[in-house]
Amino acid sequence: MHGISGIIYIILAACLLPYVFTGIAKMAGGFKARDNQNPREFLAQTKGVAARANAAQQNAFESLPLFIAAVLMAEYMVVPQSIIMTLGLAYLVLRVIYGICYLANLAMLRSIIWCLSLLCPIFLLIITIKIS
């Protein structure tokens, strides 16, 4: 992956990640076609792994705006591609690990990984400010 196309792939993967957790939540919760009339109600009533996967899905959606804004601002301000790619990949890997920790009910490790993933777009924005 080089240049802007690599960055686009990272953004795409970050945007699709919540749907992976949604699928896990539905499978773990025993989702049936009839539940599709109101899938949010179904997911809100799940327990255990399904409920944690749903929470991971919601958190993944919540973290996207900051990440996408940071990447786009960095790209706009011509931050070196290697920095954007490094922090973008780190964010993506950390978000996957975060989801795995959520599924495994590893609350303390999950919180640490969440903080590290949050630092990726924050550092990217700080670098962007320094360059401007």
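Residues numbered from 1 in each chain as written. Predicted model: local features only at pLDDT ≥ 70, side-chain atom pairs only at ≥ 80, totals over all residues. Heavy atoms only, no water.

Per an unreviewed UniProt entry, the protein goes by the name MAPEG family protein and belongs to Acinetobacter radioresistens SK82. Of the comments in the UniProt record for the protein, the one headed Subcellular location (unreviewed entry) reads "Membrane". (UniProt positions renumbered as here; feature names shortened; annotations may be inferred.)

> Quick rundown of helix α3 (residues 48–76)? Include the residues and the values.
In this model, α3 (29 residues) spans 42 Å end to end at C-alpha, consistent with the 42 Å of a helix rising 1.5 Å per residue. Of all bends in α3, the biggest is about 35°, found at Leu64, and the proline Pro65 comes one to four residues later. Positive phi appears at Val78, one or two residues downstream of α3, with a value of about 60°. (Helix = DSSP H or I, 4+ residues; strand = E, 2+ residues; numbered from the N terminus. Expected span 1.5 Å × (residues − 1). Bend = angle between axes of the 7 residues up to and from the residue.)

> Residues and numbers for empty space enclosed by the protein, please.
Under the definition given, this model contains one cavity of 30 Å³ or more. By volume, the largest cavity is sized at about 30 Å³. The wall of the largest cavity is formed by Ala14, Leu17, Pro18, Ala60, Ser63, Leu64, Tyr91 and Arg95. When the residues that make up the lining of the largest cavity are grouped by side-chain class, the tally is six nonpolar, one polar and one charged. (1 Å grid on protein atoms, 1.4 Å probe; cavity = no way out; pocket = protein on both sides within 12 Å on 5 of 7 lines; lining within 4 Å. Points joined across faces, edges and corners; volume = space filled by probe spheres on them. Nonpolar A, V, L, I, M, F, W, Y, C, P; charged D, E, K, R; others polar.)

> Account for helix α5 (residues 107–131), naming residues and giving values.
A rise of 1.5 Å per residue sets the reference length of α5, with its 25 residues, at 36 Å; its end C-alpha atoms lie 37 Å apart and thus fit the reference within 8%. What α5 keeps buried is the set Arg110, Ile113, Ser117, Cys120, Pro121, Leu124 and Thr128. Of the surrounding secondary structure, the elements contacted by the buried residues of α5 are α3 and α4 (81–103). (Buried < 20%, exposed > 50% of the residue type's maximum accessible area, 1.4 Å probe, protein only. Contact = heavy atoms within 4.5 Å.)

> Which residues make up the UniProt feature "transmembrane region" (unreviewed entry) in the protein, and what values go with them?
On the UniProt side, "transmembrane region" (unreviewed entry) is annotated at positions that read residues 6–25, 83–105 and 111–129 here. As annotated, residues 83–105 comprises 91% helix and 0% strand, and the C-alpha atoms at either end are separated by 32 Å. With 100% helix and 0% strand, residues 111–129 has end C-alpha atoms that lie 27 Å from one another.

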